[in-house]
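Here's the letter readout for the chains.
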Amino acid sequence: MRVLVTGGAGYIGTHTLLELVAAGHEPFVVDNFENASPRALARVGELIQRPIPHATCDVRDRSTLTEIFEDIRPEAVIHFAGLKAVGESEERPRDYYDVNVAGTLTLLAAMEAVDCARIVFSSSATVYGAPDYLPYDEAHPTRPLSVYAKTKLMAEDILRDWHSAHPQSAVLLLRYFNPVGAHISGRIGEDPQGWPNNLMPFITQVAVGRRDKLMVFGDDYDTPDGTGVRDYIHVVDLARAHVAALTHAEKTPGAEVINIGTGQGYSVLEMIRAFEAATGLEIPHEIAPRREGDIAAMQADVRRAETLLGWRARHGLAEMMASAWGWQSANPQGYTTDN
Ligand code: NAD
Ligand code: UDP
């Protein structure tokens, strides 16, 4: 299918482009490069040996976006574009609602203009909030704790209502758990700007010498070793989930919420040990106070993804670690590394 990919130059987007092309789809990227480098798309082009067609455009720019849709006539959309830093969302709520919620509305208007009725949306497990039970299944209540999480849930609601009004449409709301790792080539990967918010890029930046040590946020949680537990998923598995979602959307109208994780939780200390085992490096770390707003543990019930999409994660922790290091060690400064 012709697939318009918003935010396709970002971390998950670039990995998904490779899987889309491998599956025979024709992606077209719309990105404003607010949190991505054009070099990322160039690297994807290098890997597939042809350029990735793209336009520099903000998803809130309705007239330009509609022109692009009229030109490309996509049969489906994958909507990655968004702002994603939880802490920042509390400081810049208007920007987060504008990009993540208003941007989704603008996108729907552009889709309607060309009768495009299939969309795969990047939602997040953070919409669940504090767990009533684990693993979270899709029926778990949603109680978003941050502005970021609220924007994701609002966008989900908008897309669900849009489906109700367009019953022939296919809306797949993928609730990602914690994507980590990189493509096996080491040519694309996660390249956070400034201070990394997430655990995995922090570990790799310590390993490459950009940071002195990792602060472990709390060791007094109600988890086996006291540190926070998350369901980490290899980004290539996550990318493949989008291809499976498109296959489903191609044939089946409906609106579905689907967890995308591995079903397996690991603690911060287990992550450090797994990285050290995969790379032979040592990660200096120190126990620090809990991070505000953190919850002890999150884990996905992944049965719906398997039943509905025939998809499940295949990569284990060692591959997540080795590939994250493959990317960071070859690109110590991310996409600004000259190679
Ligand atoms: P990313 O920041 O690497 O990618 C987002 C892309 O969107 C970037 O290329 C950025 O330049 C672009 N973008 C931002 N605002 C835009 C706008 N107004 N118009 C056009 N393009 C814009 O992030 P990612 O990790 O690849 O995440 C992709 C999506 O998945 C996001 O919506 C994010 O909220 C969601 N998500 C990410 C995670 C995670 O841990 N990485 C977890 C759950 C959900
Ligand atoms: N974490 C940590 N040090 C860091 C970054 C994260 O100890 O520098 C912990 C965090 O408290 C959580 C886990 O690592 O228990 C995953 O955090 P991340 O921000 O990557 O994901 P999220 O909390 O958003 O699921």
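Residues numbered from 1 in each chain as written. Chains lettered and ligands numbered in written order. Predicted model: local features only at pLDDT ≥ 70, side-chain atom pairs only at ≥ 80, totals over all residues. Heavy atoms only, no water.

Draft legend 1. Looking closely at the pairing of strand β6 (residues 170-176). In terms of burial, β6 is largely enclosed, as 7 of its 7 residues are buried. By the alternation rule, side chains of β6 split into Ala-170, Leu-172, Leu-174 and Tyr-176 and Val-171, Leu-173 and Arg-175, which are all buried. As paired elements, strand β5 (residues 118-124) and β6 share 7 bridges and run parallel to each other. Of the residues in β6, the one forming a bridge with Phe-121 is Leu-173. Traced from β5 through helix α6 (residues 147-165) to β6, the parallel crossover comes out right-handed. In terms of strand pairing, β6 meets strand β11 (residues 254-260) through 7 bridges, oriented parallel. Following the sheet pairing, Val-171 is matched in β11 by Ala-255. (Buried < 20%, exposed > 50% of the residue type's maximum accessible area, 1.4 Å probe, protein only. Helix = DSSP H or I, 4+ residues; strand = E, 2+ residues; numbered from the N terminus. Pairing = 2+ DSSP bridges. Right-handed = clockwise from strand over helix to strand, strands pointing away.)

Draft legend 2. Local environment of the packing of helix α1 (residues 11-22) against helix α8 (residues 235-251). Viewed as axis vectors pointing N to C, α1 and α8 meet at an angle of 60°, and their least axial separation amounts to 8 Å. In this view, α1 runs oblique relative to α8, as classed from their interaxial angle. In this structure, α1 crosses over α8, and the sense of that crossing is right-handed. The residues of α8 that touch α1, namely those facing Tyr-11, Ile-12, His-15, Thr-16, Glu-19 and Leu-20, are Val-235, Val-236, Leu-238, Ala-239, Arg-240, His-242, Val-243 and Leu-246. (Axes fitted to C-alpha atoms, helices over the stretch in contact; angles between N-to-C directions. Parallel < 35°, antiparallel > 145°, perpendicular 65-115°, else oblique. Left-handed = near helix turned anticlockwise from the far one by under 90°. Contact = heavy atoms within 4.5 Å.)

Draft legend 3. Inspection of the state of the cysteines at higher detail. All chains considered together, the criterion is met by 0 disulfides. Cysteine Cys-57 is unpaired, with the sulfur of Cys-116 as its nearest cysteine sulfur at 15 Å. For Cys-116, a relative accessible area of 2% gives the class buried. (Disulfide = S-S within 2.5 Å.)

Draft legend 4. Representation of the pattern of salt bridges within the structure. Inspection of every chain in the model, using the stated rule, returns 17 salt bridges. Between Glu-46 and Arg-187 there is a salt bridge whose closest N-O contact spans 2.8 Å. Note that Glu-46 is positioned in helix α2 (residues 38-48) and Arg-187 in the loop between β7 (178-180) and α7 (199-207), a separation of 141 residues in sequence. One salt bridge connects Arg-160 with Asp-157, and the closest N-O pair in it is separated by 2.9 Å. Of the two residues, Arg-160 and Asp-157 both sit in helix α6, 3 residues apart, roughly one turn of that helix. The exposure class assigned to Arg-160 is partly exposed, which follows from its relative accessible area of 26%. The exposure class of Asp-157 is partly exposed, given its relative accessible area of 36%. (Salt bridge = Lys/Arg side-chain N within 4 Å of Asp/Glu carboxyl O.)

Draft legend 5. Main features of the side chain of Thr-106. In this structure, Thr-106 sits in helix α5 (residues 93-113). Excluding residues that lie within four positions of it along the chain, Thr-106 makes contacts with Val-59, Arg-60, Asp-61, Arg-62 and Leu-65.

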